[in-house]
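# Survey of secondary and tertiary structure
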Amino acid sequence: MTAPAAAAAGWSEWPAPAKLNLFLHIVGRRADGYHLLETVFQLLDRGDTVRLRLRGDGEIRRVAPLPGVPVEQDLVVRAARALQDATGTRLGADIAVDKRIPMGGGLGGGSSDAASTLVGLDALWGCGLGEDRLAALGLGLGADVPVFVRGRSAWAEGVGERLVPIDLPPSWYVVVDPGVSVPTAALFQAPELTRDAAHLTIPLFLSGATTVNVFEPVVRERHAAVASALDWLARHGRARLSGSGGCVFVATPSREAAEAIARECPPGMRAWPAQGVVESPLLAQRRGWDGRGA
């Protein structure tokens, strides 16, 4: 659906950008068993699109169900209901998601969709919760949701919710999807997973300190297609796994270089160029909406 057609049908469109983890260390565990992380979230300029349309009957309806995901487990539905519960609004919404971010790819698709649903419905319903309260609601849905709500590339600690905005240099990446959906829970339970990485700091990271993604060797061993994608992409630079995989990426010096590498993608994989951004398109849209006085 084009933007004019969506608007004519009463829909509003909200970007749900992907992210990369430029590194990912596990530095310990909390008493409740949750792993303590250090990572940098690099937000990208593209991803899914969440479309929202107001309902007056209070019903939350996912227009096109996500294959393999029951409605009650769908993060966009859960996000809408969490916002209803927090505000007491009697309004509802139809929700549609144009999916481009691969599921199980470590690019944060479900979390980003949930964040865009929270931000979009907060605006459409006139709730006015603000960034901090929306981020807190998002944390109840998943550890990656707050960074998308806040809309800024960030240094993250804790379970991923303690965020410090970080100014990363302008960057282009090639992202490769080997077609593998990696279940995160199984990786966290892997006995060979490194859980005691040395602590890092923002200055050390920015100075070029050595970093890794602790999930990469585990995913390599368990998913041959991801290993193949890493090996192919390593011909063009330092290939890395994003999050818990299975998408991989490499930094490039320019858009043209990223496009050239993407065109060489082997059969059975999908590659595309993406630009790293300091502030996400969702944040820009929220500011524009606020500026309208809606």
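What comes next is a walk through the structure. (Residues numbered from 1 in each chain as written. Predicted model: local features only at pLDDT ≥ 70, side-chain atom pairs only at ≥ 80, totals over all residues. Heavy atoms only, no water.)

The next thing to look at is the packing of helix α3 (residues 109-124) against helix α4 (residues 131-139). Relative orientation of the contacting elements α3 and α4 amounts to 140°, with a least axis distance of 10 Å. Classed by the angle they form, the pair α3 and α4 counts as oblique. You can see that α3 and α4 cross each other, and the crossing is right-handed. Across from Leu118, Val119 and Asp122 in α3, the residues of α4 making contact are Leu134, Leu137 and Gly138. The residue inventory of the contact of α3 with α4, partitioned by class, reads 4 nonpolar, 1 polar and 1 charged. (Axes fitted to C-alpha atoms, helices over the stretch in contact; angles between N-to-C directions. Helix = DSSP H or I, 4+ residues; strand = E, 2+ residues; numbered from the N terminus. Parallel < 35°, antiparallel > 145°, perpendicular 65-115°, else oblique. Left-handed = near helix turned anticlockwise from the far one by under 90°. Contact = heavy atoms within 4.5 Å. Nonpolar A, V, L, I, M, F, W, Y, C, P; charged D, E, K, R; others polar.)

So, about the nonpolar core. In terms of nonpolar packing, the biggest core is built from 38 residues, with Trp14, Leu83, Ile95, Leu118, Leu121 and Val149 touching the most fellow members. Sorting elements by how many residues they give to this core places α3 first, with 7 residues. If you look at the next biggest cluster of nonpolar residues, it comprises 29 residues, including Phe215, Val218, Val219 and Val226. (Core = buried A, V, L, I, M, F, W, Y, C linked by side-chain atoms within 4.5 Å. Buried < 20%, exposed > 50% of the residue type's maximum accessible area, 1.4 Å probe, protein only.)

So, on to the packing of aromatic side chains. We describe a pair of aromatic rings using the distance from one ring centre to the other and the angle between the two ring planes. Following the criterion strictly, the structure yields 6 aromatic pairs and no others. Judged by centre distance (5.5 Å) and plane angle (50°), the ring pair of Trp14 and Trp289 falls under tilted. One end of the pair, Trp14, is in strand β1 (residues 12-29); the other, Trp289, is in helix α11 (residues 281-291), and 275 residues separate them in sequence. Here Trp14 matches Trp289 in class, with each residue buried. Relative to Phe205, the ring of Phe23 has its centre 5.5 Å away and its plane inclined at 35°; by these criteria the two rings are tilted. (Phe/Tyr/Trp six-rings, centres within 6.5 Å; stacked < 30°, edge-to-face > 60°.)

As used in these notes, a disulfide is a covalent bond between sulfur atoms, one from each of two cysteines. Under the defined criterion, the tally for this structure stands at 0 disulfides. Its sulfur unpaired, Cys247 is 11 Å from the next cysteine sulfur, which belongs to Cys265. (Disulfide = S-S within 2.5 Å.)

A word on the pairing of strand β6 (residues 162-165). One ladder, built from 4 bridges, connects strand β5 (residues 154-158) with β6; its direction is antiparallel. Residue pairing across strands places Ala154 opposite Pro165, the latter belonging to β6. Connecting β5 to the next strand, β6, in antiparallel fashion are 3 residues, including Gly160 with a positive phi near 115°. (Pairing = 2+ DSSP bridges.)

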